[in-house]
Amino acid sequence: MILINELCLLKNDTTMNWILLFLAGAMEVGFTFCLGKTKTTNGAEQYWWWAGFVIAMLASLYLMARASRTIPIGTVYPVWTGIGAVGAVLVGIFFFNEPASFWRIFFISTLIISIVGLKLL
């Protein structure tokens, strides 16, 4: 966290906060992956996945809060949740054998287009 603070001080502008926002979204995908793994493990391994879940969740929330310093919250939150939603669907498809039907891909594509539209506006 200290490194992130130093980077933001060196380049405290909107570009850095967009990078932090995308990292926050990646952490959200990470905690959904860890949550999925808790369903397929037991014993000590399951506790490690729970620990990963908590760490990724806290990092995600921290990074999102940092990004909201220069990016409007009305943009930060939808982008953050959109990255998480798209990432969670992809994690489910690639790691947990969830179906990749036409309609799932179609609606995920419309979500991505909406996120890009928010960035452009």
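A brief look at the structure comes next.

Thresholds applied
Residues numbered from 1 in each chain as written. Predicted model: local features only at pLDDT ≥ 70, side-chain atom pairs only at ≥ 80, totals over all residues. Heavy atoms only, no water. Helix = DSSP H or I, 4+ residues; strand = E, 2+ residues; numbered from the N terminus. Buried < 20%, exposed > 50% of the residue type's maximum accessible area, 1.4 Å probe, protein only. Contact = heavy atoms within 4.5 Å. Areas by Shrake-Rupley, 256 points an atom, 1.4 Å probe, with all protein chains shown as cover. Lys, Arg positive; Asp, Glu negative; His and termini not counted. Charge placed at Lys NZ, Arg CZ, Asp CG, Glu CD. Salt bridge = Lys/Arg side-chain N within 4 Å of Asp/Glu carboxyl O. Axes fitted to C-alpha atoms, helices over the stretch in contact; angles between N-to-C directions. Parallel < 35°, antiparallel > 145°, perpendicular 65-115°, else oblique. Left-handed = near helix turned anticlockwise from the far one by under 90°. Nonpolar A, V, L, I, M, F, W, Y, C, P; charged D, E, K, R; others polar.

**Remarks on the overall build of the chain**
Across its full length, the chain carries five helices and zero strands. Listed N to C, the secondary structure of the chain is α-α-α-α-α in terms of helices and strands. By principal-axis analysis of the C-alpha atoms, the chain measures approximately 45 × 40 × 15 Å. Going through the 121 residues of the chain one by one, you find that 33% of them count as buried. Pairs at least 24 apart in sequence give 67% of the contacts found in the chain among residues at least 6 apart. Working note: accessible area of the chain is about 7,600 Å², and carbon and sulfur atoms make up 73% of it. A gap of 4 Å separates the mean positions of the 7 positive and 5 negative side-chain charges of the chain.

**Examining the pattern of salt bridges**
Under the defined criterion, the tally for this structure stands at one salt bridge. Of the charged contacts in the structure, one is a salt bridge between Glu98 and Arg104, with a shortest N-O distance of 3.4 Å. Overall, the relative accessible area of 25% leaves Arg104 in the partly exposed class.

**Concerning the environment of Asp13**
Relative to the assigned elements, Asp13 resides in the loop between helix H1 (2–10) and helix H2 (14–38). Each C-alpha atom, one on Asp13 and one on Phe33, is 31 Å from the other, the two residues being 20 residues apart in sequence.

**Observations concerning the packing of helix H4 (residues 73–95) against helix H5 (residues 102–120)**
Taken N-terminus to C-terminus, the directions of H4 and H5 make an angle of 155 degrees; their axes are 10 Å apart at the nearest point. In terms of orientation, H4 and H5 fall into the roughly antiparallel class. In this structure, H4 meets H5 at a crossing whose hand is left-handed. Here Thr75, Pro78, Val79, Gly82, Ile83, Ala85, Val86, Val89 and Ile93 of H4 lie close against H5, whose contacting residues are Arg104, Ile105, Ile108, Leu111, Ile112, Ile115 and Leu118. Split into classes, the residues belonging to the contact of H4 with H5 amount to 13 nonpolar, two polar and one charged.

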